[in-house]
Amino acid sequence: MLKKEIKDTLKQTALVFSFMLLIPIIFGINNLRFPEEDLSFLWYIEWGVSYLISFLTLYLAYNMFASEDSDGALDYIRSLPVNKWKLLAIKILPRLAVTLLLVFAYRYQIEYRYTLGVAGISQSGMLLYHFSFLPNTGIFLMIMIAGFLLGISNRKNPFLVVALAMPVLYMILGKASLPGPMYRSIYYWWYGHFGYMSHNVYRSMMFLFTTFLQVYLPSILSFTVLIPVFNSWDCSSGRIRSQRILKRIAGPLGMIIALYTISNFRFL
């Protein structure tokens, strides 16, 4: 079964990256349109790869059960004597591994280009370039988990897609903040007990703590509350599981919306 998932992952990856064949055509057209510009073909390649990696992550997650849907074999998979958590790992790990491998390869070539003095990076590439292993691996993992949950429920339900996408988007776009009085109170307490540490160390530690508390923890909680739905996965319809997911995730999503609103409208 693992071999099949690896094979499906490589096929889907090849399909997405086949769009790279359009890059020479786009480059040639722009050379004809803007002959006075010094266009770099390498920049076009980097631009295309950065967006394709982002698209590939979503594509692999959304189509995790595409073959089972086309063959009507989802119920058959559930009837197999395979542990649910093992099935989750078999589905997710090949896709997560391919995504992370491409991200690290992309970062390496960007760093190599900068050593050569070649500037320029796309907006999507900037997000991948500033990849931080632990939190960003968590983001890719959550995308794959969301794809798995869509696959065992109803991935054509737009409300379900949005609900599962919101925690991931919040991990990417969310900001951590503390009210000024609370920040100063904690700082005075910290200085009284650990005064030998510099203010910069304190700020760094507070940033990590508040980011985990206000951004990562609510997002993780949104998926944690869905564990009972996964554990109760049976041969019932995907529509019923979709309703269960939406009911259980409603509370954490409300908290995420409130935190995002407060942070971005500077109520804190």
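Note that the structure is predicted; figures quoted are calculated from it, not measured.

Caption draft 1: Looking closely at the overall build of the chain. Counting its regular elements, the chain contains 13 helices and 0 strands. Along the chain, helices and strands appear, N-terminal first, in the series α-α-α-α-α-α-α-α-α-α-α-α-α. The proportion of buried residues among the 268 residues of the chain is 38%. Long-range contacts, defined as pairs at least 24 residues apart, comprise 76% of the intrachain contacts of the chain with a sequence gap of at least 6.

Caption draft 2: Up close: helix α9 (residues 158–173). With 16 residues, α9 extends 21 Å from end C-alpha to end C-alpha; this agrees with the ideal 22 Å at 1.5 Å per step. Along its length, α9 shows its largest kink, about 30°, at methionine 166, and proline proline 167 lies within four residues downstream of that point. For α9, every residue scored as buried is listed here: Leu160, Ala163, Leu164, Pro167, Val168, Tyr170 and Met171. Put simply, asparagine 157 is the residue that caps the front of α9, since its side-chain oxygen is 3.0 Å from the backbone nitrogen of phenylalanine 159.

Caption draft 3: Structural view of the nonpolar core. Membership of the largest hydrophobic core comes to 49 residues, with the highest contact counts inside it found for Phe148 and Leu164. Within the residue set of this core, elements represented by two or more residues are α2 (22–33), α3 (41–62), α6 (84–115), α8 (133–151), α9, α11 (199–224), α12 (227–231) and α13 (238–264).

Caption draft 4: Local environment of α13. Its maximal kink placed at alanine 250, α13 deviates by approximately 45°, while the proline proline 252 follows within four residues. Looking at α13, one finds that the buried residues are Gly238, Arg241, Ser242, Ile245, Ile249, Pro252, Leu253, Ile256 and Ser263.

Caption draft 5: Summary view of the side chain of threonine 99. Checked against the element boundaries, threonine 99 lands in helix α6. For threonine 99, the side chain forms a polar contact with the main-chain oxygen of arginine 95, separated by 2.9 Å. Among residues more than four places away in sequence, those in contact with threonine 99 are Thr57, Leu60, Phe140 and Met144.

Caption draft 6: How the structure looks around the packing of aromatic side chains. For the structure on display, the rule yields 7 aromatic pairs. Between phenylalanine 148 and phenylalanine 230, the aromatic rings sit 5.8 Å apart at their centres with planes inclined by 65°, giving edge-to-face as the arrangement. Taken as a pair, phenylalanine 148 in helix α8 and phenylalanine 230 in helix α12 lie far apart in primary sequence, 82 residues in all. Accessibility assignment for this pair places phenylalanine 148 and phenylalanine 230 in one class, buried. A centroid spacing of 6.0 Å and a plane angle of 90° characterise the contact between phenylalanine 148 and tryptophan 233, whose relative ring orientation is edge-to-face.

Rules behind the numbers
- Residues numbered from 1 in each chain as written.
- Predicted model: local features only at pLDDT ≥ 70, side-chain atom pairs only at ≥ 80, totals over all residues.
- Heavy atoms only, no water.
- Helix = DSSP H or I, 4+ residues; strand = E, 2+ residues; numbered from the N terminus.
- Buried < 20%, exposed > 50% of the residue type's maximum accessible area, 1.4 Å probe, protein only.
- Contact = heavy atoms within 4.5 Å.
- Expected span 1.5 Å × (residues − 1).
- Bend = angle between axes of the 7 residues up to and from the residue.
- Polar contact = N/O pair within 3.5 Å; in protein donor to acceptor, adjacent residues only side chain to side chain.
- Core = buried A, V, L, I, M, F, W, Y, C linked by side-chain atoms within 4.5 Å.
- Phe/Tyr/Trp six-rings, centres within 6.5 Å; stacked < 30°, edge-to-face > 60°.

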